[in-house]
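# Structural overview
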Amino acid sequence: MSGVQKIEVAEDDGDQRLDRWFRRMFPHIAQGRIEKMCRKGDIRVDGGRVKANTRVQAGQVVRVPPLPEPHEITARAKTYDMISNADVEMMQDAVLYRDDYLIAINKPPGLPTQGGSKQTRHVDMLADALRFGYDQKPRLVHRLDKDTSGILLLARTRQVASALTEAFRSRETRKIYWAAVGGCPSPKMGTIKYGLLKAGGHGHEKMVCIHPDDVAHTDGAKRSTTDYMVLDSAAKRCAWVALVPITGRTHQLRAHMAEMGHPIIGDGKYGGSGQENQGDGWGAQLGGEISRKMHLHARSLLFPHPITGKMVKIIAPMPAHMKQTWSTFAWDERDVADDPFEEYL
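Below you will find a few notes about this structure. Model, not experiment: these values are computed from the prediction. (Residues numbered from 1 in each chain as written. Predicted model: local features only at pLDDT ≥ 70, side-chain atom pairs only at ≥ 80, totals over all residues. Heavy atoms only, no water.)

### With respect to the overall build of the protein chain
- Scanning the protein chain from terminus to terminus reveals eight helices and 18 strands.
- Going through the 345 residues of the protein chain one by one, you find that 48% of them count as buried.
- Residue pairs at least 24 apart in sequence account for 65% of intrachain contacts in the protein chain once pairs closer than 6 positions are excluded.
- Roughly 17600 Å² of accessible area belongs to the protein chain as shown, and the carbon and sulfur atoms make up 47% of that amount. (Helix = DSSP H or I, 4+ residues; strand = E, 2+ residues; numbered from the N terminus. Buried < 20%, exposed > 50% of the residue type's maximum accessible area, 1.4 Å probe, protein only. Contact = heavy atoms within 4.5 Å. Areas by Shrake-Rupley, 256 points an atom, 1.4 Å probe, with all protein chains shown as cover.)

So this is what it looks like as structure tokens:
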């Protein structure tokens, strides 16, 4: 058991939640214990009582009560924080790009980006496997839906995280997604401008599309824009489309394509069997040999390097189930440009 410690928040660690700072400093201490120590007043910042979600700033002093050493933690608590060898290998094999400042991975489908009430295995937790000699794990810069695969950036310092976040916010980055959708959109290239509004009620988050003319008069609605282009098709049954989210709203691409009547294959939330669409009438499921998994993949990312300023371009291979679908329809990724919209920019 350690004694009482008083630790000054480093410049690189400012402006983040106390519990996240604490977990980085003491990764063997479980979240529940941190919250309990805050409630009892055992953890204090500049002498004052705080909550687990209080944001700490550089230069503040955190009082840390006596803590058990890692070997003193119970087996159950160890299991909570432990990453299996298989997950370490999975995360490190997913790395597409790495330098002293950032890491890009090809997130597999089915793996959440961050934890939730029922999610204990996610990229943010498994990022400890990507330290590669650094004292702290890399930080998430943006997110992908659980069932969406593809490029995910992580920053290795807080300064780089801030710079990359600003680049996404100011639209200095260019993201291109690949998707398979039900039916074939017409025209084959266009822009979707439906606003998005969180659906009411309880349960899983879902967005509702609002006509562009009604966005300004609808409380909570946010303007949203997506460019799309059909790259190939299987008659009118299914199409391979490239998608560029001009804005970055929750579930934007999924909701926009479903609103067009062409839900993304495998998207049960927005393209269930009752979804009106111009394909075979099966919503987001094609049946046969086509996987029921989501067919949405963050294929490429172009962004300015936060330190050098040079443009970095990353391309992520498709997951196995999408490769199988492409093979089934004889779609060849070598037939399209990395950025098929480039000649129209």
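### Points about the packing of aromatic side chains
- This model, assessed by the stated rule, comprises seven aromatic pairs.
- A centroid spacing of 5.1 Å and a plane angle of 90° characterise the contact between Trp326 and Trp331, whose relative ring orientation is edge-to-face.
- Given a relative accessible area of 6%, Trp331 falls into the buried group.
- One aromatic cluster is present, built from ring pairs that chain together Trp178, Trp240, Trp326, Phe329 and Trp331.
- Here Arg98 stacks its cationic end above the ring of Phe132, 3.9 Å away from the centre of that ring.
- A cation over a ring is seen here: Lys206 above Tyr270, with NZ or CZ 5.4 Å from the ring centre. (Phe/Tyr/Trp six-rings, centres within 6.5 Å; stacked < 30°, edge-to-face > 60°. Lys NZ or Arg CZ within 6 Å of the ring centre and 35° of its normal.)

### Things to note about the pattern of salt bridges
- If you walk through the whole model with that rule in mind, you get 15 salt bridges.
- Ionic pairing is found between Asp13 and Arg139, a salt bridge with its closest N-O pair at 3.1 Å. Linking Asp13 in the loop between strand E1 (5-8) and strand E2 (16-17) with Arg139 in strand E9 (residues 139-140), this pair joins segments that are 126 residues apart in sequence. A single burial state applies to Asp13 and to Arg139, both of which are buried.
- Residue Arg254 is joined to Asp267 by a salt bridge in which the shortest nitrogen-to-oxygen separation is 2.9 Å. In this pair, Arg254 is assigned in helix H7 (residues 252-259) and Asp267 in the loop between H7 and strand E17 (296-304), connecting sequence segments 13 residues apart. A single burial state applies to Arg254 and to Asp267, both of which are buried.
- Connected through salt bridges with shared partners, the residues Arg143, Asp145, Arg254 and Asp267 form a single ionic network. (Salt bridge = Lys/Arg side-chain N within 4 Å of Asp/Glu carboxyl O.)

### Thoughts on the environment of Asp214
- Its location among the elements puts Asp214 in the loop between strand E14 (207-210) and strand E15 (226-234).
- A relative accessible area of 40% means that Asp214 is categorised as partly exposed.
- Remark: the alpha-carbon pair of Asp214 and Tyr194, spanning 20 residues in sequence, is separated by 9.3 Å.

### Some thoughts on the sheet that holds E1
- Across the sheet, which stays open at both edges, the four strands sit in the order E1-E6-E3-E4 with antiparallel pairing between neighbours. Two strands in the sheet have a free side with no partner beyond their single neighbour: E1 and strand E4 (48-49).
- Of the strand pairs in this sheet, strand E3 (residues 44-45) and E4 are connected by two bridges, and their pairing is antiparallel. Paired with Arg44 across the strands is Arg49, a residue of E4.
- Against the sheet, helix H1 (residues 18-25) makes contact with E1, E3 and strand E6 (61-64), and its axis sits at roughly 65° relative to E6, the strand it touches most. (Pairing = 2+ DSSP bridges. Axes fitted to C-alpha atoms, helices over the stretch in contact; angles between N-to-C directions.)

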